[in-house]
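# Residue-level structure breakdown
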Amino acid sequence: MDQTVGHPEFLQHHFSDVEQQRESAKLGMWIFLLTEVLLFGGLFCAYSIYRSWNPEIFHNAHRFLDVYLGTLNTVVLIVSSVTMALAIRSMQLDRKKQTLIFLIVTLALAAAFLVVKYFEYSHKFHLGQLPGKFYTFTGIEGTNPHIFFSVYFLMTGLHGIHVIGGMAVITWLIFKTRGRTFSSQYYTPIEMTGLYWHLVDLIWIFLFPLFYLVG
Amino acid sequence: MNKLPDKSYLNDPKGLKSWLLTRDHKRIGLMYLYAIMTAFLLGGIFAMIIRLELLSPGKDLIDADTYNQFFTLHGAIMIFLFIIPSIPAAFGNFVLPLMIGAKDVAFPRLNLASWYIYILGSLFALYSIITGAVDTGWTFYTPYSTETTTSVISMTLGVFILGFSSIFTGLNFIVTIHKLRAPGMTWFKMPLFVWALYATAIIQVLATPVLGITLILLIIERVVGIGIFDPAMGGDPVLYQHFFWFYSHPAVYIMILPGMGIISELISVFSHKKIFGYKAIAFSSLGIAFVSFLVWGHHMFVSGQSELAAMIFSFLTFFVGIPSGIKVFNWVTTMYRGSISLEAPMLYALSFLFLFTIGGLTGIFLGALSVDVHLHDTYFIVAHFHYVMMGGTVMAFLGGLHYWWPKFWGRMYSEFWARISVALIFVGFNVTFFSQFILGSQGMPRRYYNYLDQYQPLHGFSTFGSWILGLGFVVMAVYLIHAIFRGKVAGANPWGALTFEWTTPSPPPHENFDKIPTMEHGPYDYDKIVPRSTLAESD
Ligand code: HEM
Ligand SMILES: [Cu+2]
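Conventions we followed
Residues numbered from 1 in each chain as written. Chains lettered and ligands numbered in written order. Predicted model: local features only at pLDDT ≥ 70, side-chain atom pairs only at ≥ 80, totals over all residues. Heavy atoms only, no water. Near = heavy atom within 4 Å. Polar contact = N/O pair within 3.5 Å; in protein donor to acceptor, adjacent residues only side chain to side chain. Helix = DSSP H or I, 4+ residues; strand = E, 2+ residues; numbered from the N terminus. pLDDT = per-residue confidence, 0-100. Contact = heavy atoms within 4.5 Å. Donors = N, O, S within 2.8 Å, 3.2 Å for Na, K, Ca; no water. Axes fitted to C-alpha atoms, helices over the stretch in contact; angles between N-to-C directions. Parallel < 35°, antiparallel > 145°, perpendicular 65-115°, else oblique. Left-handed = near helix turned anticlockwise from the far one by under 90°. Nonpolar A, V, L, I, M, F, W, Y, C, P; charged D, E, K, R; others polar. Buried < 20%, exposed > 50% of the residue type's maximum accessible area, 1.4 Å probe, protein only.

Let us look at the site of ligand 1. Residues and elements named next belong to chain B. Taken together, the neighbourhood of ligand 1 is formed by 25 residues, with H74, W138, H386, R446 and R447 sitting nearest. In this structure, H74 approaches ligand 1 through a side-chain N or O atom, which is 2.8 Å from a nitrogen atom. In this structure, R447 approaches ligand 1 through a side-chain N or O atom, which is 2.7 Å from an oxygen atom. Listed by contribution, the elements that provide at least two residues to the shell around ligand 1 are α2 (25–53), α3 (64–99), α13 (379–409) and α15 (456–486).

Written as structure tokens, this is what we have:
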């Protein structure tokens with residue numbers, strides 16, 4: 001193999017070259033993302049079943065979601081996906097400072113997403129639009145309107161946990177970038193986090209219309 | 001005279017810490033082996049107790065509630081702590097990189113993490129024993145699992161955590177197989193055990209997340225009562241069953257496929273003959289993996305799914321028979337005119353062939369709608385799945401254990417005692433479980449603590465068999481442990497096998513190979529190589 005320049009520090013001993021290591025990481029990440037899709041897949045399945053059984057409740061209940069806040073959050077996440085992609089691009093060009101800025105912006109946008117979500121959640125808590133047996137709201141007609149909120153909280157909650165997980169990893173990346181671990185030769189962790197972050201974004205892009213828009 | 005290599009993965013580097021923080025796949029494999037054997041022992045003890053309780057009608061030993069808890073613990077431990085991780089995580093970890101001529105798996109750190117996650121998950125599962133056990137059966141069906149006062153949460157949380165360990169192992173193997181094969185090892189030159197691990201890993205990765213979300217829903221349902229599975233609140237308990245079996249049917253192939261992989265190795269090595277139908281065996285693994293996702297409804301023929309769905313599931317279930325049959329026929333053909341040597345691993349492989357065939361055929365009975373309505377939830381099912389899981393997977397596991405034991409330790413076990421133990425296990429197994437086919441067809445329901453007098457003779461017979469079986473395992477434990485310390489030095493290739501793991505010393509060095517091996521012949525080219533001579537020279 002074309003490994004004439006010695007063994008770079010970031011190359012693990014069991015790989016024969018940088019390319020093999022990078023390819024392995026990529027394949028691993030795609031498989032991981034597949035498991036994430038299946039994890040959410042179960043919930044999407046539950047959503048479609050309960051929706052088809054209770055079309056009216058879903059219709060009546062979805063109007064209590066705030067489309068403006070939902071749209072705002074969609075925009076926030078899409079922009080954060082873009083800044084994440086830019087962070088990778090900057091590192092490919094060895095512009096470390098720029099990478100750092102883009103990562104911090106991504107982190108800030110993720111936090112903004114959660115803040116908006118917090119306001120949405122606390123408003124619903126306040127009204128008693130809670131899942132399952134905690135549901136006390138009386139303003140929606142039909143039997144078992146809580147079903148909608150059960151599914152809503154489950155799916156957005158799981159998504160929220162993924163946002164928090166992503167923020168943890170991005171924070172780690174920020175420290176590593178400052179510590180000069182990465183370079184245009186080695187930026188796999190940033191790239192992999194980028195893939196993950198796009199998936200988190202993508203899932204929201206499905207959740208948003210399913211809950212906020214279709215009636 | 002052979003002697004053990006001075007330095008091997010076992011003693012280089014030294015110290016407990018170097019083990020606990022190791023990233024060496026061989027050490028991780030061995031640590032998995034310790035853990036799952038402990039689980040097997042525990043599950044086995046529960047099995048012996050429930051079997052003893054069933055010796056005669058009425059209460060012999062434990063009361064009805066305890067009985068419910070014990071069969072649940074037996075099942076859950078055997079499934080989630082033992083059989084799912086068994087072959088892939090223990091043997092797969094140890095031999096996969098060796099077999100493909102790699103230095104390690106693709107993600108060694110993730111590999112170590114998966115072991116710790118396994119331990120953590122097991123602790124959660126076992127914690128449930130202290131806090132009142134679980135009495136739902138290993139399937140945790142709602143609505144009972146949301147209502148019972150036993151500690152369902154710590155058990156299901158444990159299983160949820162174990163799922164991550166399984167996913168990480170699967171992910172690691174897929175990438176390793178894709179990216180780390182030695183130069184010259186094309187897909188169709190891989191040993192069949194590697195193919196089997198590959199197919200298994202695909203199922204692990206695709207099915208386990210669904211179980212994960214199902215158990216999370218169950219836990220949330222129990223804790224906050226979201227009503228997803230509660231009909232009183234507009235939910236649906238049958239949805240739970242769909243979710244559960246969407247994982248758990250494919251999971252039975254997570255259990256059996258790696259076992260089939262071992263059998264392919266054993267049959268060829270001990271017949272000293274090229275495996276017949278290499279590609280057919282390789283593709284049938286993938287075929288099984290694929291079909292396994294389409295048949296989950298055969299567990300729910302009487303659970304209230306639509307008649308049409310039941311018919312489709314029944315029809316699709318028969319398809320599983322095809323790839324399984326392909327494998328069995330190819331193994332038998334491989335043996336035809338081979339020069340078969342009947343050492344312990346081969347005896348286990350033959351037991352597998354015999355028992356798995358019975359298990360598989362009775363599975364076809366159960367897939368037939370009208371028959372299943374009669375046999376559902378009877379001892380027929382209990383016999384069927386023990387024939388597949390224990391007669392199949394556990395026999396393959398034991399075959400692999402004996403086959404690779406010299407590679408693990410560099411020392412040989414006592415062939416004499418091994419044969420005695422195979423005989424005890426084979427006879428004990430059939431006495432224990434064949435009687436249950438009859439019990440079941442006569443209507444003895446499963447998961448019952450008490451029964452009518454008419455069933456006593458067969459139950460007594462079955463319990464008697466479990467003692468023979470238990471004795472076989474005790475013998476095995478003794479000679480295997482003895483072999484670690486006192487066994488005859490085995491040499492690099494005691495069986496005259498052709499796969500890569502036998503080209504490096506036993507036990508292998510830390511880096512696996514002195515230099516990365518290259519493919520000079522296929523893994524089963526016994527016709528081109530002269531394998532018998534290697535047999536002689538290793539003595
Ligand atoms: C030592 C030999 C074994 C004996 C004597 C034994 C015995 C039993 C008995 C008496 C039951 C209860 C049947 C019922 O009332 O429904 C049972 C259930 C079960 N066994 Fe075993 N077993 C053995 C090994 C295994 C192994 C090796 C596995 C899997 C790897 C296994 C998996 C199961 C499962 C999944 C259940 C169902 C538990 C449930 O109904 O929730 N057993 N076994
Ligand atoms: Cu099944």
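Take the confidence of the model for chain B next. Residue and element names in this part refer to chain B. Mean pLDDT for chain B: 93, with 98% of residues reaching 70 or above. Overall, residues 531–539 carries pLDDT values under 50, and its contacts beyond four positions in sequence, including any with other chains, amount to 15 contacts. Reported confidence for the predicted complex is 0.91 by ipTM and 0.93 by pTM.

Residues and elements named next belong to chain B. The coordination sphere of the copper ion (ligand 2), as far as protein atoms go, consists of H249 (ND1), H298 (NE2) and H299 (NE2), spread over 1.6 to 2.0 Å. Counting the intervening residues between successive donors of the copper ion (ligand 2) yields the motif H-x48-H-H. Taken together, the positions of H249 in helix α8 (residues 237–271) and H299 in the loop between α9 (278–291) and α10 (307–335) put the pair 50 residues apart, joining distant regions of the chain.

With that out of the way, let us pick up the environment of P13(B). Residue and element names in this part refer to chain B. By the element assignment, P13 lies in the segment before α1 (16–20). Along the backbone, P13 and H510 are 497 residues apart, and their C-alpha atoms lie at a distance of 8.5 Å. If we skip the residues at most four places from it in the chain, P13 touches S18 and R27.

Another aspect to go through is the packing of helix α11 (residues 344–367) of chain B against α13(B). Residues and elements named next belong to chain B. Look at α11 against α13: their axes get within 8 Å of each other, and the N-to-C directions meet at 160 degrees. When the axes of α11 and α13 are compared, the pair comes out roughly antiparallel. In terms of crossing hand, the pair formed by α11 and α13 is left-handed. Grouping the amino acids of the contact of α11 with α13 by side-chain chemistry returns 17 nonpolar, 11 polar and no charged.

Residue and element names in this part refer to chain B. Its location among the elements puts N111 in helix α4 (residues 108–130). Classification of N111 as buried rests on a relative accessible area of 1%. With residues up to four places along the chain from it excluded, the contact list for N111 reads H25, I28, N93, V105 and N172.

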